[in-house]
Amino acid sequence: MVRGAARQRLPHTGPASRCEGRRGGGVGGRERAVAAAGGSGRARQRLPLTARSAPQSCRPRGGAVPQAGAQVRRPGGAAGGAGLCPAAPPVGMLRRRGGLTAAFGAFRNRAQVRRTEFTLKEIMSSGGAEDDIPQAERKTVTDFCYLLDKSKQLFNGLRDLPQYGQKQWQSYFGRTFDVYTKLWKFQQQHRQVLDNRYGLKRWQIGEIASKIGQLYYHYYLRTSETSYLNEAFSFYSAIRQRSYYSQVNKEDRPELVVKKLRYYARFIVVCLLLNKMDVVKDLVKELSDEIEDYTHRFNTEDQVEWNLVLQEVAAFIEADPVMVLNDDNTIVITSNRLSETGAPLLEQGMIVGQLALADALIIGNCNNQVKFSELTIDMFRMLQALEREPMNLASQMNKPGMQESTEKPARRENPHKYLLYKPTFSQLYTFLAASFKELPANSVLLIYLSATGVFPTGRSDSEGPYDFGGVLTNSNRDIINGDALHKRNQAYKEMHCLHPGDLYPFTRKPLFIIVDSSNSVAYKNFTNLFGQPLVCLLSPTAYPKALQDQSQRGSLFTLFLNNPLMAFLFVSGLSSMRRGLWEKCQDYLRKINRDIAQLLTHSRSIDQSFLQFFGDEFLRLLLTRFVFCSATMRMHKIFRETRNYPESYPQLPRDETVENPHLQKHILELASILDVRNVFLENTLDDY
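Residues numbered from 1 in each chain as written. Predicted model: local features only at pLDDT ≥ 70, side-chain atom pairs only at ≥ 80, totals over all residues. Heavy atoms only, no water.

### With respect to the nonpolar core
The nonpolar side chains of a soluble globular protein tend to be buried, and buried together. With 153 residues, the main nonpolar core has Leu446, Phe512 and Ile514 as its most contacted residues. Per element, the largest residue contribution to this core is 13 residues, and it comes from helix H8 (residues 254-273). The contacts of Leu446, once residues within four sequence positions are left out, are Leu357, Asp359, Ala360, Leu361, Leu386, Phe512, Ile514, Leu619 and Leu622. Judged by nonpolar contacts, the second largest core, of 29 residues, contains Ile447, Leu498, Ile513 and Leu534. (Core = buried A, V, L, I, M, F, W, Y, C linked by side-chain atoms within 4.5 Å. Buried < 20%, exposed > 50% of the residue type's maximum accessible area, 1.4 Å probe, protein only. Helix = DSSP H or I, 4+ residues; strand = E, 2+ residues; numbered from the N terminus. Contact = heavy atoms within 4.5 Å.)

Now the structure itself:
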């Protein structure tokens, strides 16, 4: 994730997802910018490290700690073939290479060997006479030091990877996985020698496992494949179950305690993304106790910052305005990723385009909104709306009625996503250009903007694409030659305001835009210059005062796009619901989505851009939810002003979609199921 310059720093450069030894922090630190930015969701080679294909050397034994015995394949490598990473060379054995590159490489490797030998002598001499140590044990410690040093170099080098693009980073990730695989196997096979001669401690083993977990996490960020997120959870969970960090508090070294706190913060991020809220609550309690012990034992300056981390995650997990309850009043955790039955199916006779969503830029700049580190609740919700539920291939193949086949089901990829938190204009434009450049044929680029509105400063003689304002992607003041440029000076426009005209160059390819802002209507004045499919879904610019202000807990418009039933319950004044009724309403809502899909595809006056995007499952679901949101607000008694309604470019034919009597009847029936029909207008068409 990329962020702007002036941002709140988490303690010790950010605990949430920061790779050790790197700048930035939290879900969106500098390493997050590297991890979230790189890679593309299309035609890329994949490391065989999914939940079922990950090598045993990098997977927990019995669901816990990785075990030895397998190798990691580099992207594109075949098992047992040339794609396998060669074993780390023993000390003193260097590969032969020619020319200046060989000389430099040999010099670098010799320097690394000398450092390893110095470390070895230092460790050995601390335990007794160096000459008494058998040669085999000496070599074991030497090889371990070499692998440990090499793994740290590769891990810290992640910061230097390009922030975008799909080719440059994959080979580096492959080498890093290779070395950590060997390191993990090596410490397992030689644990006794390393305990006796090296003094290997449990927290050091935990550090290695934590680094592997971070690699999986960052690989998820680059590929958007949730299976890697599950692997990261497995490693972090194993560290907790095996209590690798339990002895850290007994040592008088605050930096080790900080490592433990960062581990907890990273684990929390992964659990949030996997909707494991029960685990999150346990982790928050444990982290709170650890922070209290840390600040009590050491005179630290970061107590306030760590307490702020606790406050952020506590607010994040309570952001949903409606609770779904079991019969025993425990909270049901609902997932909002795309399921098999989520998007309405394309029925026979529906004529739609064949475009596919390939890339998405999720941009957030809402200062008053709940966030954890640098992931706002709106960004989090849109992130999940653009991912599929992890598919269990075994259960799919065992479904009744499915024919047996030797072919595996086709792998369905998630669109690749860039998470940009408070990006500057130059950062945002760089990522836009990179996505545009790498967008395959017949693919769509989605831009989601959740940001403060920037309004025109005065009347203009013209009404061009830069005269209606836009949205502010970074709220920092610009610095020119060391002087702050005051934004109230009408001679200047906001530097980091994204105007509709800024996106014109990218309309040369299919573009799908979602704007959630107080000035979203600025994007209503779009012009399709190149004739490519183009759709803008625009939020209301204001909400009724009678509606309880929930802006800190996320935008109502984005909530409709992420979880329409929860948003419907909220505007109906409900704050909780039993699970049985929730599932009944979800079934009825799926029926409403199917009918909305028919309304859109059977409309004779709808702009063809909508139908061009309708062939993609993610975009089809977003469009049907947008229509449901707009129809609901137009029927609600307290949504009476024009600015309370969502809009779109091009405009939808109202009488055939958002004001269709058949759809209005469905909404009233859903309200009747919930016993909230009184908050909606009965004779809606007569009120227009």
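### Examining the environment of Ser576
Relative to the helices and strands, Ser576 resides in strand E16 (residues 576-578). Overall, the relative accessible area of 37% leaves Ser576 in the partly exposed class. Sequence separation between Ser576 and Leu325 is 251 residues, and the spatial gap between their C-alpha atoms is 7.1 Å. Leave out the neighbours within four places in its chain, and Ser576 touches Val322, Met323 and Leu325.

### Some remarks on helix H10 (residues 303-317)
Between its first and last C-alpha atoms H10 spans 22 Å; for 15 residues at 1.5 Å apiece the expected length is 21 Å, and the two agree. The complete set of buried residues in H10 reads Trp306, Val309, Leu310, Glu312, Val313 and Phe316. Buried residues in H10, looked at end-on, bunch into an arc of 160°, giving them a common side. The exposed set on the far side of H10, more than 90 degrees from its buried face, consists of Val304 and Gln311. Considering only its buried residues, H10 is in contact with H8, helix H9 (277-297), strand E6 (371-372), strand E7 (375-376) and helix H11 (377-385). (Expected span 1.5 Å × (residues − 1). Arc of directions from axis to C-beta.)

### Describing the pattern of salt bridges
Within this structure, the stated rule accounts for 21 salt bridges. Where Glu641 meets Arg643, a salt bridge forms, and the shortest distance between an N and an O atom there is 2.9 Å. On the basis of relative accessible area, Glu641 is assigned to the partly exposed category, the value being 41%. Residues joined in a network through salt bridges with shared partners are Glu207, Lys211 and Lys259. (Salt bridge = Lys/Arg side-chain N within 4 Å of Asp/Glu carboxyl O.)

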